[in-house]
2 protein chains.
Amino acid sequence: MKRYLTELGEDRIIRGLEKSFAPKNPRVIKGIGDDTSVTAQDGGKLLLSTTDTLIEGTHFDLSYAPPGLLGKKALSISLSDIAAMGGEPLFFLVSIALTPKTKKEFIDALYRGIKEISEEFKVALAGGNTARAGLTMISTTVIGEVPKGKAVYRSGAREGHAIFVTGTPGDSALGLKVLQNHGYRAAVKGRFGKAVSRHLAPVPRMEAGSLLAKKGIARSMIDISDGVALDLKRVCVESNAGAEIYLKDFPVSAELKEYAERVKDRSWIDLALSGGEDYELLFTAPEADKKKISRLAERLKIRITPIGRITGKGLKILDENGRPMKLKRLGFEHF
Amino acid sequence: MKRYLTELGEDRIIRGLEKSFAPKNPRVIKGIGDDTSVTAQDGGKLLLSTTDTLIEGTHFDLSYAPPGLLGKKALSISLSDIAAMGGEPLFFLVSIALTPKTKKEFIDALYRGIKEISEEFKVALAGGNTARAGLTMISTTVIGEVPKGKAVYRSGAREGHAIFVTGTPGDSALGLKVLQNHGYRAAVKGRFGKAVSRHLAPVPRMEAGSLLAKKGIARSMIDISDGVALDLKRVCVESNAGAEIYLKDFPVSAELKEYAERVKDRSWIDLALSGGEDYELLFTAPEADKKKISRLAERLKIRITPIGRITGKGLKILDENGRPMKLKRLGFEHF
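Note that the structure is a prediction, hence the values are computed from the model and not measured.

Parameters and conventions
Every chain's residues receive numbers from 1 upward, in the order its sequence appears when written. As a convention, the first chain written is A and the first ligand written is 1, with the rest following in written order. This being a predicted model, a pLDDT of at least 70 is required before a residue's local features are given, and a value of 80 or more before pairs of side-chain atoms are given or counted; all residues contribute to the totals for chains, interfaces and linings. Each side-chain value is worked out from all heavy atoms of the structure, with water and hydrogens disregarded. Note on conventions: DSSP H or I runs of at least 4 residues are helices, E runs of at least 2 residues are strands, and numbering of each starts at the N terminus. Between the two quantities, the radius of gyration covers C-alpha atoms and the globule rule is 2.2 Å times the number of residues to the power 0.38. A simple rule labels every residue: compare its accessible area, found with a 1.4 Å probe on the protein chains alone, to the largest value its type can have, and call it buried under 20%, exposed over 50%, or partly exposed in between. The contact rule is simple, with two residues in contact once any of their heavy atoms fall within 4.5 Å. Each accessible area is a Shrake-Rupley estimate made with a 1.4 Å probe; only the visible protein chains count as cover when residues are assessed. Under the counting rule used here, the positive set is Lys and Arg, the negative set is Asp and Glu, and His together with the chain ends is not counted. For the purpose of locating charges, the reference atoms are NZ of Lys, CZ of Arg, CG of Asp and CD of Glu. Buried area is calculated as the accessible area (1.4 Å probe) missing from two parts once they are joined, with the contributions of both summed. Note on definitions: salt bridges are taken to be side-chain nitrogens of Lys or Arg within 4 Å of carboxyl oxygens of Asp or Glu. Polar contacts, as counted here, are pairs of nitrogen or oxygen atoms within 3.5 Å of one another; within protein the pair requires one atom able to donate a hydrogen and one able to accept it, and residues that are adjacent in sequence qualify only if both atoms are side-chain atoms. Residues reaching a pLDDT of at least 70 in both copies supply the C-alpha atoms on which the copies are superposed by least squares. Two strands qualify as a pair provided DSSP detects at least 2 bridges between them. Inter-axis angles, ranging from 0 to 180 degrees, are taken between N-to-C directions of lines fitted to C-alpha atoms, where helices are fitted over the stretch in contact. These domain limits were set by an automatic method or by a database of domain assignments. Surface patches are drawn from residues lacking salt bridges whose relative accessible area is over 30%; two like charges belong together within 9 Å, two nonpolar side chains (Val, Leu, Ile, Met, Phe, Trp, Tyr) within 5 Å. Throughout, nonpolar core names a set of buried Ala, Val, Leu, Ile, Met, Phe, Trp, Tyr and Cys residues whose side chains join them through atoms within 4.5 Å.

A. Region of the structure containing the overall build of chain A. If you tally the helices and strands in chain A, you get 11 helices and 13 strands. Against the globule reference of 20 Å for 335 residues, chain A gives a C-alpha radius of gyration of 19 Å, in line with a compact fold. Referenced to the eigenvectors of the C-alpha coordinate spread, the extents of chain A come out at roughly 55 × 55 × 50 Å. Residues classed as buried in chain A amount to 63% of the 335 residues present. Once local pairs closer than 6 in sequence are excluded, the contacts in chain A between residues at least 24 apart make up 82%. Accessible surface, chain A: about 13500 Å² in total, of which carbon and sulfur atoms supply 50%. Charge centroids of chain A, computed over 53 positive and 41 negative side chains, lie 1 Å from each other.

Rendered as structure tokens:
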């Protein structure tokens with residue numbers, strides 16, 4: 001049984017959904033197949049909406065995920081989808097399932113976490129509901145806006161575009177590994193504490209996403225939820241294009257470097273290229289825009305690194321010596 | 001532990017959420033505390049958004065809920081919230097969790113059910129995601145609209161208003177009882193088959209909700225998700241008012257009547273007044289509008305019955321002889 005869903009894969013399940021529901025409402029400009037849905041409204045802006053769910057046992061483990069950070073993450077990952085469209089968040093809805101064993105302190109901390117992010121990114125709580133369940137679950141829906149003509153889709157990548165990522169993807173997967181091996185307390189204080197934080201409370205790249213869109217720099221964009229390679233593949237599929245990633249150019253954090261030196265094998269590559277949940281942005285832009293992008297990175301005080309280029313077809317990863325290499329898997333497949 | 005959440009109650013958890021997140025965005029007109037959130041947008045309409053989650057073991061049992069009907073119900077209950085605001089649905093997002101054991105046939109039937117309702121009520125699928133989890137879960141978010149000044153809130157009930165319900169509340173709870181005792185096959189073909197259908201695939205009262213709002217008839221409105229008494233209490237709390245229900249006027253279906261005759265006790269009253277998941281509408285309107293409401297009911301070919309009136313304070317239920325009576329519980333409390 002397990003095999004069936006594994007073989008099917010999330011992207012194919014979603015495609016099935018998309019196919020059987022060809023959008024018949026002319027106001028739905030973009031349905032399934034991008035970071036958020038895009039719908040027309042009166043005035044000069046498009047409405048963005050996105051929903052995400054964090055489920056105990058699948059997306060987090062209560063033994064190592066403190067409720068405050070869980071609340072932060074739940075909202076941040078939906079905000080990240082708005083960032084990947086180049087939009088601004090407006091308001092959000094939250095649906096929470098709690099077990100009968102849940103303590104008041106847990107609920108309070110969870111809300112505080114959600115609240116912190118909602119204040120940081122100025123996105124108002126508009127509604128929600130709670131239910132009792134056999135496990136803990138947090139579902140967030142964020143509604144946002146983007147000026148007409150400024151939404152950045154997955155489908156805008158063109159041959160010759162350079163591929164960029166913000167931050168240092170792979171840290172979140174490293175953080176998860178450390179959490180699973182050492183538990184929360186040891187992990188967060190340990191040598192890989194930053195990576196652990198990146199996993200437990202990723203920071204959505206709202207300002208970067210919005211500026212890259214407003215300035216017309218990013219031609220295609222996605223947030224890295226399931227790994228650089230898999231999410232880049234999604235961009236390629238939607239753009240009907242291919243891509244090459246140059247490992248020698250890939251931005252690696254000090255912590256991931258240290259991890260690589262310690263384990264003395266090449267498993268860091270899988271973390272960097274196939275580890276999910278970074279919630280960094282991956283976007284493509286003409287080579288000519290590289291300088292603009294450097295300036296933007298400086299201004300925002302974040303790292304933005306070119307890691308490859310868009311080709312005609314296929315997804316190739318070239319190692320430090322420029323030789324094609326294979327990943328164990330492209331990224332996190334939900335089935 | 002269990003006691004804590006039970007004592008706290010869902011409404012109090014939601015109030016906690018509401019209090020800690022006073023809406024700071026001037027575009028959020030109505031946050032938590034009504035059927036849907038209401039936000040301003042350009043043009044003459046308000047945006048409505050609502051989210052609901054059906055969780056295995058809490059809201060349904062796969063042993064008696066066929067996936068097709070589950071899909072229908074998941075979307076219908078969110079549509080029902082839009083109806084209770086007097087709005088029209090525009091599009092929806094769906095977030096589905098499936099276990100590794102889920103079969104392709106299950107997924108296909110689930111989608112078909114969602115699709116059927118989406119076509120019936122002309123609401124387009126705009127986005128979604130799927131995840132693997134320890135249990136099956138379907139979360140739906142519906143976005144809708146209502147003309148400015150036409151949204152019907154819970155807070156509009158005034159002393160002297162008559163209280164109305166559509167349909168025959170209690171059928172869903174009766175259906176659930178039969179399903180739990182006899183399983184799907186026997187239940188759906190049995191003597192209480194209609195009640196079983198009401199439970200498994202409730203029909204959102206979209207047209208009634210929208211017309212009651214457009215014509216300015218309903219002054220306050222809610223959909224009955226957790227029982228007539230509890231949902232009426234919510235209207236009273238938001239309106240700072242009280243209410244009386246007259247049992248002698250309460251609309252009882254032929255099946256619930258037959259059930260009452262069979263069991264020869266008064267447990268049907270609990271089903272009618274405290275059984276949840278009817279997704280009928282409860283609304284209040286001035287006595288003077290009773291005729292208009294009868295005509296509307298005729299036109300829509302649904303039953304709309306006056307069941308009581310809004311008072312200054314307190315919630316009173318008067319039995320067939322006009323004597324105050326107590327319910328075992330007001331309705332379905334999630335904790």
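B. Structural context of the interface of chain B and chain A. Across the boundary between the two partners, chain B contributes 73 residues, which contact 73 residues of chain A. Of the roughly 6000 Å² buried between chain B and chain A on both sides combined, carbon and sulfur atoms contribute 66%. At the boundary of chain B with chain A, the tally comes to 2 salt bridges. When the shortest N-O distance is used, the salt bridge between R27 of chain B and E145 of chain A registers 3.0 Å. In this structure, the connection of chain B to chain A is made through 9 residue pairs in polar contact (both at pLDDT 80 or more). If you tally residues by element for the side of chain B that touches chain A, the top one is strand β5 (residues 124-132) of chain B, at 9 residues.

C. Quick look at the relation of the copies chain B and chain A. Superposing chain B onto chain A takes a rotation of 180 degrees plus a shift of 0.0 Å along the axis, which leaves an RMSD of 0.0 Å. Classification of the inter-copy transformation places it as that of a two-fold axis. Among all C-alpha atoms of chain B, that of D42 of chain B lies closest to the rotation axis, at 2.8 Å. Same-surface contact between copies: 100% of interface residues of chain B are shared with the interface of chain A.

D. Summary view of helix α6 (residues 193-200) of chain B. Residues and elements named next belong to chain B. Counting buried positions over the 8 residues of α6 gives 6, a clear majority of the element. Those residues of α6 that sit buried are G193, A195, V196, R198, H199 and L200. The inward-facing, buried residues of α6 contact α3 (67-84), α5 (171-189) and α9 (254-263).

E. Structural view of the sheet that holds β5 of chain B. Residues and elements named next belong to chain B. Strand order in the open sheet made by the 6 strands is β1-β2-β3-β6-β4-β5, with mixed pairing throughout. Either end of the sheet is taken by a strand with one partner, and the two such strands are β1 (28-30) and β5. Looking at each pair of strands side by side, their axes are set apart by 20 degrees on average, direction ignored.

F. Highlighting helix α7 (residues 206-214) of chain A. All names here are of chain A. Burial analysis of α7 places 7 of its 9 residues in the buried class, which makes it a mostly covered element. Next to the buried residues of α7 lie α3 (67-83), β4 (88-98), β8 (220-223), β10 (281-285) and α11 (290-300). Just downstream of α7, G216 is the residue with a positive phi angle, here 70 degrees.

G. Up close: the pattern of salt bridges. Residue and element names in this part refer to chain B. If you walk through the whole model with that rule in mind, you get 44 salt bridges over all chains. Close ionic contact of K115 with E119 constitutes a salt bridge, the shortest N to O distance being 3.8 Å. Linking K115 with E119, this pair stays in helix α4 (residues 104-120), spanning 4 residues, or about one helical turn. The partly exposed category is assigned to K115, whose relative accessible area is 26%. The partly exposed category is assigned to E119, whose relative accessible area is 41%.

H. Spatial organisation of the sheet that holds β8 of chain A. Residue and element names in this part refer to chain A. Taken in spatial order, the 7 strands make up an open sheet running β8-β10-β7-β11-β9-β12-β13, and their pairing is mixed. Unpaired on one side and paired on the other, β8 and β13 (324-325) mark the two borders of the sheet. Pairing analysis gives 4 bridges linking β8 to β10, with the strands arranged antiparallel. The residue of β10 that forms the bridge with S220 is T284.

I. Molecular detail of the environment of E280 of chain A. Residue and element names in this part refer to chain A. Locating E280 in the fold gives a position in the loop between α10 (267-274) and β10. For E280, a relative accessible area of 2% corresponds to the buried category. When the C-alpha atoms of E280 and R154 are compared, they prove to be 15 Å apart, with 126 residues separating the residues in sequence. Within polar-contact distance, the side chain of E280 engages the side chain of T166 at 2.5 Å. Only 2.7 Å separates the side chain of E280 from the side chain of R205, close enough to count as a polar contact.

J. The arrangement of the domain arrangement of chain A in detail. Residue and element names in this part refer to chain A. Split into domains, chain A comes out as domain 1 (34-147) and domain 2 (154-325). Of note, the centres of domain 1 and domain 2, computed from C-alpha atoms alone, are 23 Å apart. Domain 1 puts 20 residues into the contact, and the matching count from domain 2 is 23 residues. Buried surface at the junction of domain 1 and domain 2, summed over both partners, amounts to about 2000 Å²; 61% is from carbon and sulfur atoms. Looking at the side of domain 1 facing domain 2, the largest losses of area belong to D34, Y64 and K73, adding up to 30% of the total buried there. The interface formed by domain 1 and domain 2 includes 4 salt bridges. Linking E277 and K73 is a salt bridge whose minimum nitrogen-to-oxygen distance equals 2.8 Å. Seen at the junction of domain 1 and domain 2, the total is 6 residue pairs in polar contact (both at pLDDT 80 or more). Mapped by element, the contributors of at least two residues to the side of domain 1 that touches domain 2 are α3 and β4.

K. Highlighting a positive patch on the surface. Residues and elements named next belong to chain A. A contiguous patch of positive charge on the surface is contributed by K215, K291, R295 and R299. Summarising the element assignment, R295 is placed in helix α11. Judged by relative accessible area, which is 53%, R295 ranks as exposed.

L. Inspection of the nonpolar core at higher detail. If you look at the biggest cluster of nonpolar residues, it comprises 94 residues, and the most contacted ones within it are F92, F250, W268, L273 and L282 of chain B. Among the elements that take part in this core, α3 of chain B stands out by supplying 8 residues, more than any other. Each of two domains, domain 1 (34-147) and domain 2 (154-325) of chain B, supplies a minimum of three residues to this core. Dropping the residues within four chain positions of it, F250 of chain B is found in contact with P169, V228, I245, A272, L273 and I307 of chain B. By size, the runner-up hydrophobic cluster in this structure holds 93 residues, among which are I117, V142 and A173 of chain A together with I32 of chain B.

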